[in-house]
Structures are given as C-alpha cells and as structure tokens.
Amino acid sequence: MRTIRVETSAATVLLTEAPEPKVRDRQTGEIAKDAVSGEALMTIGVVYIEDGESSLIKVTVPEGGVSEGLNLGAPVSLPGLVARPWESVFNGQQRHGIAYRAAAVTPAAFPASMGASA
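In this text, all values refer to a predicted model and were calculated from it rather than measured experimentally. (Residues numbered from 1 in each chain as written. Predicted model: local features only at pLDDT ≥ 70, side-chain atom pairs only at ≥ 80, totals over all residues. Heavy atoms only, no water.)

(A) The arrangement of the environment of G73 in detail. When you line up the elements, G73 lands in the loop between β6 (53-62) and β7 (76-77). Using a relative accessible area of 43% as the deciding quantity, one classes G73 as partly exposed. Separated by 60 residues in the primary sequence, G73 and V13 place their C-alpha atoms 9.3 Å from one another. (Helix = DSSP H or I, 4+ residues; strand = E, 2+ residues; numbered from the N terminus. Buried < 20%, exposed > 50% of the residue type's maximum accessible area, 1.4 Å probe, protein only.)

The structure is reproduced here in structure tokens:
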C-alpha cells in the first residue's frame, strides 16, 4: 500500500496522549513489532492543527524514537511522518481509515505566531 509523506512545517502538533505500547492482539496482549527491525512499537495521540483546522490522530512510533521530556499538551515534532490508507473486513463489516507513522516523537517549541498577541 502506498505511503504519503505528511508535511508538518506549517502545522502545530500537540501531544494529547502519552506514549504507550501498541497492542497487536488484544486477546493475548501481544505488543506490535516493526516488521523490519523487530523493535517494539508505541502509539501516541496528537492534535494536528493547520490553517485553523484541527484533527485528533494516533501515530505509531518505534520505541527507540520516543524522546524523553514529552509533556501532555506540549508541542512535539514528528520527523518522517507518513500516512497510509488501509481497509479490511472484520466480522463481515468493511472498515477503512488512515494509519499514521513517524520515525520519532520529540519535544518542539510553539510557533512564534501562536504566542504573539495584538
């Protein structure tokens, strides 16, 4: 399936959910691993704000890409962010969506324009 690079330079991305292990199988509790490196995967929740619009999204990040010093509500950077459309059939129901993945999540600064007031 094709991946689409997501340009984040004009966006503000705020951490809304702390990193936690991505569960591959809810029945067994198995943690998802990267298919190539075998590294454990984590999920984070962020709000992506651009051009006056916002979206809440979940992003998958390799465990080694999760930086120290992440605070809820604080801006973060998501280097290598990509979106991948997906679809599947589960219990006879067709489902579809967009999966987001980044190489890392690191603390960032608020854009200068957000802190400015008239």
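(B) Local environment of the nonpolar core. I44, V46, V59, V76, L78 and V105 are the most contacted members of the largest nonpolar core, which totals 15 residues. Of all the secondary-structure elements, those providing two or more residues to this core are β2 (12-21), β5 (41-50) and β6. Not counting chain neighbours up to four residues away, the residues in contact with V59 comprise M42, T43, I44, V46, L78, L81, Y100, R101 and A102. (Core = buried A, V, L, I, M, F, W, Y, C linked by side-chain atoms within 4.5 Å. Contact = heavy atoms within 4.5 Å.)

(C) The arrangement of the pattern of salt bridges in detail. Enumeration over the complete set of coordinates arrives at 3 salt bridges. Put simply, E17 and K58 hold a salt bridge, and the shortest N to O gap is 2.4 Å. Of this pair, E17 sits in strand β2 while K58 is found in strand β6, placing the two residues 41 residues apart along the sequence. Of the charged contacts, one joins R101 and D34 as a salt bridge, the two residues approaching to 2.4 Å between their closest N and O atoms. With R101 in strand β9 (residues 93-101) and D34 in the loop between β4 (30-31) and β5, the pair connects residues that are 67 residues apart, well separated along the chain. For R101, a relative accessible area of 25% translates into the label partly exposed. You can call D34 buried: its relative accessible area is 15%. (Salt bridge = Lys/Arg side-chain N within 4 Å of Asp/Glu carboxyl O.)

(D) Structural context of the environment of G69. Structurally, the position occupied by G69 is in the loop between β6 and β7. Distance from G69 to A102, taken between C-alpha atoms, is 18 Å for residues 33 residues apart in sequence.

(E) Focus on the side chain of T60. Among the secondary structure elements, T60 is positioned in strand β6. Owing to a relative accessible area of 9%, T60 belongs among the buried residues under this scheme. A polar contact is formed between the side chain of T60 and the side chain of K22, at a distance of 3.2 Å. (Polar contact = N/O pair within 3.5 Å; in protein donor to acceptor, adjacent residues only side chain to side chain.)

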